[in-house]
Amino acid sequence: MEEKSRDFIREIIDADLAAGKHTEIVTRFPPEPNGYLHIGHAKSIFTNFGIAEEYGGRCNLRFDDTNPVKEDTEFVEAIKNDVKWLGFTWSSLHFASDYFDRMYLLAEQLITMGLAYVCDLSSEEVRAYRGTLTESGRNSPYRERTVEENLDLFRRMKAGEFSEGSRTLRAKIDMTSPTMCLRDPAMYRILHKTHHRTGNSWCIYPMYDFAHCLEDSTEGITHSLCTLEFEVNRPLYDWYLEKLDIFRSRQIEFARLNLSYTVVSKRYLRKLVEEHYVSGWDDPRMPTLSGLRRRGVPASAINNFCSVIGLAKRNSTVDIALLEHSIREQLNRTAPRVMSVLDPVKLLIENYPEDKTEYFDYVVNPEDDSAGTRATPFTRELYIEQDDFMENPPKKFFRMTPGREVRLRYAYLVTCTGVTKNDDGEITEIRCAYDPESKGGNAPDGRKVRGTLHWVSANHSFPAEVRLYDRLFNTENPMNTENGADFTSSLNPDSLNTAMNCRMENHMKNREPGFTCQFERKGYFCIDPDSTPEKMVFNRTITLRESWAKLKGKKK
RNA sequence: UGGGGCGUCGUCAAAUGGCAAGACACAGGGUUUUGGUCCCUGCAUUUGGAGGUUCGAAUCCUCCCGCCCCAGCCA
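Residues numbered from 1 in each chain as written. Chains lettered and ligands numbered in written order. Predicted model: local features only at pLDDT ≥ 70, side-chain atom pairs only at ≥ 80, totals over all residues. Heavy atoms only, no water.

1. Considering the packing of aromatic side chains
Then, in step 1: Per the counting criterion, the structure on display carries 27 aromatic pairs.
Then, in step 2: Ring geometry for F210 versus Y240: centroids 5.1 Å apart, planes at 70 degrees, classification edge-to-face. With F210 in helix α7 (residues 208–218) and Y240 in helix α8 (residues 234–244), the pair connects residues that are 30 residues apart, well separated along the chain.
Then, in step 3: Since its relative accessible area comes to 0%, F210 is described here as buried. (Phe/Tyr/Trp six-rings, centres within 6.5 Å; stacked < 30°, edge-to-face > 60°. Helix = DSSP H or I, 4+ residues; strand = E, 2+ residues; numbered from the N terminus. Buried < 20%, exposed > 50% of the residue type's maximum accessible area, 1.4 Å probe, protein only.)

2. Focus on the environment of L347
Then, in step 1: Relative to the elements of secondary structure, L347 occurs in strand β11 (residues 344–349).
Then, in step 2: In contact with L347, not counting residues within four places along its chain, are R380, E381, L382, I384, M400, L408, I430 and C432. (Contact = heavy atoms within 4.5 Å.)

3. Some remarks on the protein's contact with RNA strand B
Then, in step 1: Around RNA strand B, 68 residues are found, and the nearest of them are E11, R337, F398, R399 and G440.
Then, in step 2: In this structure, a phosphate oxygen belonging to RNA strand B sits 2.9 Å away from a side-chain N or O atom of R130.
Then, in step 3: Take P178: an N or O atom from its main chain is 2.9 Å from a base nitrogen of RNA strand B.
Then, in step 4: Residues belonging to the surface near RNA strand B are distributed by class as follows: 22 nonpolar, 23 polar and 23 charged. (Near = heavy atom within 4 Å. Polar contact = N/O pair within 3.5 Å; in protein donor to acceptor, adjacent residues only side chain to side chain. Nonpolar A, V, L, I, M, F, W, Y, C, P; charged D, E, K, R; others polar.)

4. Considerations on unusual backbone geometry
Then, in step 1: Phi at Y261 is positive, roughly 60 degrees, even though this residue is not glycine.
Then, in step 2: Looking at the element boundaries, Y261 is found in the loop between β9 (250–254) and α9 (266–274).
Then, in step 3: Even without being glycine, H276 reaches a positive phi, approximately 60 degrees.
Then, in step 4: You can call H276 exposed: its relative accessible area is 66%.

5. Looking at the pairing of strand β16 (residues 413–421)
Then, in step 1: With three bridges joining them, strand β15 (residues 405–408) and β16 adopt antiparallel strand pairing. The residue bridging E405 from the neighbouring strand is T415, located in β16.
Then, in step 2: The hairpin formed by β16 and strand β17 (residues 427–434) contains five residues between the paired strands, and G425 there has a positive phi angle of roughly 85 degrees. (Pairing = 2+ DSSP bridges.)

Below is the structure:
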């Protein structure tokens, strides 16, 4: 059985189950439809859906759409799509706005119980009456209105008789409470705004604290999992459910995900999009689920990452290397291998017949025997990677260099015989001689050949665009800037480099956007939706681990 | 300086009074027709600090220190 230790939430659930509190575990993922989902949400999705699945229970998808000024249906569809992509199926789909009638009735009930009142204080006045962290607040002058008056006023609020912001419905709790949210929190505010689902049928909208616990309770959510910042709101969550005497959902808070070299906050991601630092919510550099998907990150890698980082209450920042590891691990197992030359230079094999074409067996995926082999054409004129050749190489460089023998993967051993340069001194062509006895790349006498190069046949390849992505930010904590500078000052100017003249093997021609593969020795890539049959576009998902790059860096 | 939380390796994170897991990162070595993968090895005598209880403490007690959250008619 599973040796893995349980996190504190599963321990609580186990205890609740043991105590006979529930017969079925019900959770929910409750996004506000005001932006796109990001990797932080993936953690919430993974735990909410994951726990429900594990306990044989249910998990709902619920849109927390109680604020019409921020929300939009555009986001609803995108969010549903992202949740499905991660591989989860909601038990049922809900909208907080579907419960507006019920919430309204429960609000009236609280008024009737003498536990809520209509307050005419302006927002500034409310703030002044609220007190501070160390001084208690004062009662609103409207606090002692009669039930009848409150009911009448609240109904007229609903009917649209009052202007926006002129009144609120407040819970009557305790203005002296050291817990700020218990100082007569607002339950309803007046907002003469069109809601994306209810249109103009409402002009009063419930506040989060009042709405959320009712949504959970209504759906029979047994464990309402949310992030740490809601910990201080829990007394209020419990207060509403207790006073109304309805199903008691239990709120449990866990630490939200922070990732190094990344910004995970809707507000800042929105800024990146709106001010065009990136091409959109699904820009492959964005930590949004749509961005990661377009980048070529498999859903399985994200889920694996979520399981590896664990669940706890302490604030932490996960090293992005952990995510990168999950991505490589997944892709290594599944991605077919391809030889593509990103920065081509011509390689001429002088002693190879001009009109000859040979085909070599190419292992599609060494990690997956069932992927089989493919025939790859080899001719006299090839392309190789420019940085696989150096005229004056440093120590430990064991690629091509004048006079040295290297292997052309799966084909032959070749020895560099010279180079051709243009007037600017740039290398336009590398020349070499092959050993006909080394067919397949095997040294006939067992001589050692350290370097192995990838290549494509000039006449059996086509040009394509490749977008080389790197981290969006240069600093570990982009929010931590020098003397108050904006977080955009942490942006990595080299997060995107576009290579326009890459050479692809011909068999890549018919592949569709989303197709993922490994360009050998280079990294994992996928076909971008911008791709057309005339001009294919690839995204680099992530490089391979590069001990050579590390070595180079050290020498410098 | 009110209230609510949290401090275990560089980064995540277990251990629930009985010899401080694991992963990532890092370092070294081996295999290799990808400088990839894979495989070995090393990496906290000590758990924010100081006392105390105990045969025995990361776990219990006391005091101290540090960090996070709350003063929206946002969620």
